[in-house]
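Below, each chain spelled out in residue letters.
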Amino acid sequence: MSEAFNKAAEEVKGLKASPTDDEKLALYSNFKQVTVGDCNTARPGMLDFAGKAKWDAWNSRKGVSKEDAEAAYIKLVEELKARIGMA
């Protein structure tokens, strides 16, 4: 993980407002792809709606390199900072 990725991961915590659910899932899936790699867990049960959404988002990134996921994460954080602003 690059210093730019670690910086973006800290900066996302300081946004003025919460990103949309889709943006949160994109952040989550890219973060997991960078830090863990391909999804390696079983899909959560049918009543765990949030867990399933997060799992589906991460699983959709399967095969994406850590470098590409890192670049996508940093880009999204920069877009959110520009649109939402920092607290």
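Residues numbered from 1 in each chain as written. Predicted model: local features only at pLDDT ≥ 70, side-chain atom pairs only at ≥ 80, totals over all residues. Heavy atoms only, no water.

Glancing now at the overall build of the chain. Within the chain, the secondary structure is distributed over four helices and zero strands. The linear arrangement of helices and strands in the chain, starting from the amino end, is α-α-α-α. Radius of gyration (C-alpha) of the chain: 13 Å, near the 12 Å computed for a compact globule of 87 residues. Dimensions of the chain along its principal axes, counting C-alpha atoms only, are 35 × 25 × 15 Å. For the chain, the exposed surface amounts to about 5,400 Å²; the carbon and sulfur share of it is 55%. For the chain, the separation between the mean place of its 14 positive charges and that of its 14 negative charges on side chains is 4 Å. (Helix = DSSP H or I, 4+ residues; strand = E, 2+ residues; numbered from the N terminus. Rg over C-alpha atoms; globule rule 2.2 N^0.38 Å. Areas by Shrake-Rupley, 256 points an atom, 1.4 Å probe, with all protein chains shown as cover. Lys, Arg positive; Asp, Glu negative; His and termini not counted. Charge placed at Lys NZ, Arg CZ, Asp CG, Glu CD.)

Below, the discussion takes up the environment of arginine 43. Considering the arrangement of structural elements, one finds arginine 43 in the loop between helix 2 (21-35) and helix 3 (49-59). By relative accessible area, arginine 43 is classed as partly exposed at 44%. Sequence separation between arginine 43 and glutamate 79 is 36 residues; the distance between their C-alpha atoms is 30 Å. Side-chain polar atoms of arginine 43 contact the side chain of aspartate 56, separated by 2.8 Å. (Buried < 20%, exposed > 50% of the residue type's maximum accessible area, 1.4 Å probe, protein only. Polar contact = N/O pair within 3.5 Å; in protein donor to acceptor, adjacent residues only side chain to side chain.)

This paragraph deals with the side chain of glutamate 23. Within the fold, glutamate 23 resides in helix 2. Look at glutamate 23 and you get buried, because its relative accessible area is 16%. Of note is the side chain of glutamate 23, whose polar atom sits 2.8 Å from the backbone nitrogen of threonine 20. Discounting residues that sit within four places of it in the chain, glutamate 23 has contacts with Leu76, Leu80 and Arg83. (Contact = heavy atoms within 4.5 Å.)

Below, the discussion takes up the nonpolar core. The nonpolar side chains of a soluble globular protein tend to be buried with one another. Counting residues in each nonpolar core, the largest one holds 14 residues, and the members touching the most others are Val12, Leu27, Tyr73, Val77 and Leu80. Broken down by secondary-structure element, the contributors of at least two residues to this core are helix 1 (3-11), helix 2 and helix 4 (66-84). In terms of residue count, the dominant contributor to this core is helix 4 (seven residues). (Core = buried A, V, L, I, M, F, W, Y, C linked by side-chain atoms within 4.5 Å.)

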